[in-house]
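# Analysis of the macromolecular model
Read off the chains here:
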Amino acid sequence: MNSNENEFQDEENIINNYDDDVLEGEVEELQDEANDLEVALEEAKTKANEYLDGWQRARADFANYKKRVERDQSNTYQLATGSVIKRFLEVLDDLDRALKNRPESGEGANWANGIELVYRKLISILESEGVVPMKSDGMEFDPNLHEAISSEQSDLHKSGEIIETLQQGYMIGDRVLRPAVVRVAK
């Protein structure tokens, strides 16, 4: 017999002589350890999912918080800007009235052209701040946007329609900065 065959024979004898009870005990021990590891793995997965859910909720809460802060800052800016700009709207109204009665010739016409440049510049500054004039003439009266100064019979307009805008209204963003003063058809 050669040495490889001897080794094989020795191993076979060892295996045959090994007590079957010992093998069964070791197999049961290994199965118990495997079961314990599976339970531990499931617990770890459950805990990991809980942490992931918590992290995702915290991330969503932070995103919502960030949006709310940005919206609040925007609203605060609009309120502050609006309160200052309201004061300039009266000046804008005066300039508008002056330009409606402008002289067409002579020195007054040149002076009126200069006033018109100031008027346009003021309008462009207001627009850059998000202030836009409301469209009112011919529109349906909306008490959220308009202030009715009179209600008149009109054959040319249907009931509730704005006949004439007496004072221009302005919006800043989606808020009414100043309602339009209007005449409404009955």
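Residues numbered from 1 in each chain as written. Predicted model: local features only at pLDDT ≥ 70, side-chain atom pairs only at ≥ 80, totals over all residues. Heavy atoms only, no water.

We now examine the overall build of the protein chain. Along its length, the protein chain carries three helices and six strands. Going residue by residue from the N terminus, the α and β elements of the protein chain occur as α-α-α-β-β-β-β-β-β. Considering the protein chain as a whole, with its 186 residues, one finds that 19% of them fall into the buried category. Of the accessible surface of the protein chain, which amounts to about 14300 Å², a share of 52% is contributed by carbon and sulfur atoms. (Helix = DSSP H or I, 4+ residues; strand = E, 2+ residues; numbered from the N terminus. Buried < 20%, exposed > 50% of the residue type's maximum accessible area, 1.4 Å probe, protein only. Areas by Shrake-Rupley, 256 points an atom, 1.4 Å probe, with all protein chains shown as cover.)

Soluble globular proteins tend to pack their nonpolar side chains together in the buried interior. One finds Ile 85, Leu 89, Leu 92, Leu 126, Val 131, Tyr 170 and Leu 177 to be the most contacted residues of the largest nonpolar core, which totals 13 residues. The element best represented in this core is helix H2 (residues 20-100), accounting for five residues. The contact partners of Leu 177, leaving out residues within four places of it in the chain, are Gly 82, Ile 85, Lys 86, Leu 89, Val 131, Tyr 170, Met 171 and Ile 172. (Core = buried A, V, L, I, M, F, W, Y, C linked by side-chain atoms within 4.5 Å. Contact = heavy atoms within 4.5 Å.)

Another point: the packing of aromatic side chains. Here the structure, examined in full by the defined rule, presents one aromatic pair. Taken together, a centroid distance of 6.4 Å and an interplanar angle of 35° make the contact between Phe 62 and Tyr 65 tilted. Residue Phe 62 and its partner Tyr 65 are located together in helix H2, separated by three residues, close to a single helical turn. Take Phe 62: its relative accessible area is 54%, and that puts it in the exposed class. (Phe/Tyr/Trp six-rings, centres within 6.5 Å; stacked < 30°, edge-to-face > 60°.)

Nothing here speaks to function; it is all geometry.
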